[in-house]
Amino acid sequence: MRLRVLGTAAGGGLPQWNCACRGCSRARAAGPAVWRSQECLAVSASPDAWYLVNASPDVRTQILATPGLAPPGGTRHSPLRGVLLTDGELDHTAGLLALREGAALDLFAPAAVTAALTEDFPLRSLLAPYGAARWRPVAGELRLDDGRLRVTAIPVSDKRPRYAAGSTRPGPWVVAYRFDDAVTGAAAVYAPSLARWPEELDAALSGVGCVILDGTFWSEDEMERVTGHGPGARAMGHLPIGGVGGTLGRLRGRTGIRCLYTHLNNTNPAADPASRERSVLADALVEVASDGQDIRL
Ligand code: MLT
Ligand code: MN
Ligand code: ZN
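Residues numbered from 1 in each chain as written. Chains lettered and ligands numbered in written order. Predicted model: local features only at pLDDT ≥ 70, side-chain atom pairs only at ≥ 80, totals over all residues. Heavy atoms only, no water.

The chain appears in an unreviewed UniProt entry as Coenzyme PQQ synthesis protein B from Streptomyces blastmyceticus. For the chain, the Sequence similarities (unreviewed entry) comment in UniProt is given as "Belongs to the PqqB family." Taken directly from UniProt, the Function (unreviewed entry) text for the chain runs: "May be involved in the transport of PQQ or its precursor to the periplasm." (UniProt positions renumbered as here; feature names shortened; annotations may be inferred.)

Participant: Explain the packing of aromatic side chains to me, and be specific about the residues and the numbers.
Facilitator: Counted under the stated rule, the structure contains two aromatic pairs. Pairing Tyr-177 with Phe-179 gives two aromatic rings, centres 6.2 Å apart and planes at 35°, and the pair type is tilted. Overall, the relative accessible area of 0% leaves Tyr-177 in the buried class. (Phe/Tyr/Trp six-rings, centres within 6.5 Å; stacked < 30°, edge-to-face > 60°. Buried < 20%, exposed > 50% of the residue type's maximum accessible area, 1.4 Å probe, protein only.)

Participant: Mind laying out helix H4 (residues 111–119), listing which residues take part and the relevant values?
Facilitator: Restricting attention to buried positions, one finds in H4 the residues Ala-112, Val-113, Thr-114, Ala-115, Ala-116 and Leu-117. Here the buried face of H4 lies against helix H3 (90–93), strand E5 (106–109), helix H5 (123–127) and strand E6 (134–137). (Helix = DSSP H or I, 4+ residues; strand = E, 2+ residues; numbered from the N terminus. Contact = heavy atoms within 4.5 Å.)

Participant: Could you give an account of the sheet that holds E5, naming the residues involved and the relevant values?
Facilitator: The seven strands lie next to each other as E6-E5-E4-E3-E2-E1-E14, forming an open sheet whose pairing is mixed. The sheet terminates laterally at E6 and strand E14 (294–296), the two strands that pair on one side only. Recorded for the sheet is a direction-independent mean angle of 25° between the axes of neighbouring strands. Relative to E5, strand E4 (residues 80–84) runs parallel, the two being bridged by three bridges. Bridge pairing in E5 places Val-83 opposite Leu-107. (Pairing = 2+ DSSP bridges. Axes fitted to C-alpha atoms, helices over the stretch in contact; angles between N-to-C directions.)

Participant: Talk me through the coordination of the zinc ion (ligand 3); I want residue IDs and the actual numbers.
Facilitator: For the zinc ion (ligand 3), the full set of protein donor atoms is Cys-19 (SG), Cys-21 (SG) and Cys-24 (SG), and the range of their distances to it is 2.3 Å. In primary sequence terms, the donor set of the zinc ion (ligand 3) follows C-x1-C-x2-C. Assigned by exposure class, Cys-21 and Cys-24 land together as buried. (Donors = N, O, S within 2.8 Å, 3.2 Å for Na, K, Ca; no water.)

Participant: Break down the site of ligand 1 for me, citing the residues and quoting the values.
Facilitator: In the vicinity of ligand 1, the contacting residues are Glu-89, Asp-91, Arg-162, Met-236, His-238 and His-263. Here His-238 contributes a side-chain N or O atom positioned 2.8 Å from an oxygen atom of ligand 1. Measuring from an oxygen atom of ligand 1, one finds a side-chain N or O atom of His-263 at 3.3 Å. For ligand 1, whose accessible area on its own is 270 Å², the fraction buried by protein is 78%. (Near = heavy atom within 4 Å. Polar contact = N/O pair within 3.5 Å; in protein donor to acceptor, adjacent residues only side chain to side chain. Areas by Shrake-Rupley, 256 points an atom, 1.4 Å probe, with all protein chains shown as cover.)

Participant: Give a description of the sheet that holds strand E9 (residues 174–181) that names residues and reports values.
Facilitator: Backbone hydrogen bonds hold the strands of a sheet together, and the pairing may be parallel or antiparallel. Spatial strand order, E7-E8-E9-E10-E11-E12-E13: seven strands in an open sheet with mixed pairing. Both outer strands of the open sheet, strand E7 (141–144) and strand E13 (286–288), are each paired with one neighbouring strand and no more. In this sheet, neighbouring strand axes are inclined to one another by 20° on average, regardless of whether the strands run parallel or antiparallel. Taken together, the four bridges between E7 and strand E8 (residues 149–157) define a ladder with antiparallel strand orientation. Looking at E8, one finds that Leu-142 is bridged to Val-151.

Participant: Now, about the side chain of His-238: what can you tell me, with residues and values included?
Facilitator: Position of His-238 relative to the elements: it lies in the loop between helix H7 (222–227) and helix H8 (247–251). Looking at His-238, the relative accessible area reads 10%, which means it is buried. In terms of polar contacts, His-238 uses its side chain to reach the side chain of Thr-216, at 3.1 Å. With near-sequence residues (within four places) excluded, His-238 lies in contact with Pro-192, Ser-193, Leu-194, Ala-195, Asp-214, Thr-216, Phe-217, Ala-233 and His-263.

Participant: Explain the environment of Gly-246 residue by residue, including any values.
Facilitator: Structurally, Gly-246 is set in the loop between H7 and H8. When the C-alpha atoms of Gly-246 and Ser-219 are compared, they prove to be 8.2 Å apart, with 27 residues separating the residues in sequence. Setting aside chain neighbours within four positions, we find Gly-246 in contact with Arg-234, Pro-240 and Ile-241.

Participant: Could you give an account of empty space enclosed by the protein, naming the residues involved and the relevant values?
Facilitator: Within this structure, the stated rule accounts for one cavity of 30 Å³ or more. Here the largest cavity defines a volume of roughly 110 Å³. Leu-99, Arg-100, Leu-105, Leu-127 and Ala-133 are the residues nearest the centre of the largest cavity, which is lined by 12 residues in total. By residue class, the composition of the lining of the largest cavity is nine nonpolar, two polar and one charged. (1 Å grid on protein atoms, 1.4 Å probe; cavity = no way out; pocket = protein on both sides within 12 Å on 5 of 7 lines; lining within 4 Å. Points joined across faces, edges and corners; volume = space filled by probe spheres on them. Nonpolar A, V, L, I, M, F, W, Y, C, P; charged D, E, K, R; others polar.)

Structure, rendered in structure tokens:
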């Protein structure tokens, strides 16, 4: 199985266009080599069948930067077979607009998310005249790539996107995914939005070689400290990395699993490789994913 990390920043990216906080200023000064585009992953068990997890607003540039996702020949062909959405957030779905030229892509999403993308942020109806995207529910185990790639959705929370904050639709609104290569036995978990740590996540981590998870914030009050406003990390749908109940405590001591953080907000000090927070992660043998990273399992 192969994971290509296409983007690793939370909504807005790093640097964010209208921000000169410490992290954004550092990134702006260092130049594009250290910039982070908005979180997106590509996964495959065989080279001619790739699936995106989430479709970030940066998806076109991300695909162009990834040789394995180039069309093998001819016109209107792509090794990209579909997109799996973890939730309906704008930074995970707006990129679907940029994929409208695509031949029939399979779009997988939890039922509440598909409904929100039909009514509240009506991507589904907007895209319908452009192509034959097939919307598929995620429930139970999916078998993609002719059965080679098994995908299991792990319900995480009912955190709704801001544009659907008032929705009464039942969840789950946010899921994580476990991928299993039916041929090699390799397995990985992708969990970029963790408002809480569900029990099912511990079970899903059993036997995986790699987990890539929500690294939006280092601390609960980071947004307010850096930007002067903003709710806490948990209220925004993201367990912080550090502090009591943070996700790092959940990762410590998990031997045999490669652990990486993604979806870093531009306020997160761990985005800076020279930061104290990054050395705390290194001491715990936990990594921060980088754009373009290639992970083979
Ligand atoms: C999130 O991850 O909390 C959202 O993507 C925030 C946003 O709306 O940009
Ligand atoms: Mn986000
Ligand atoms: Zn900033």
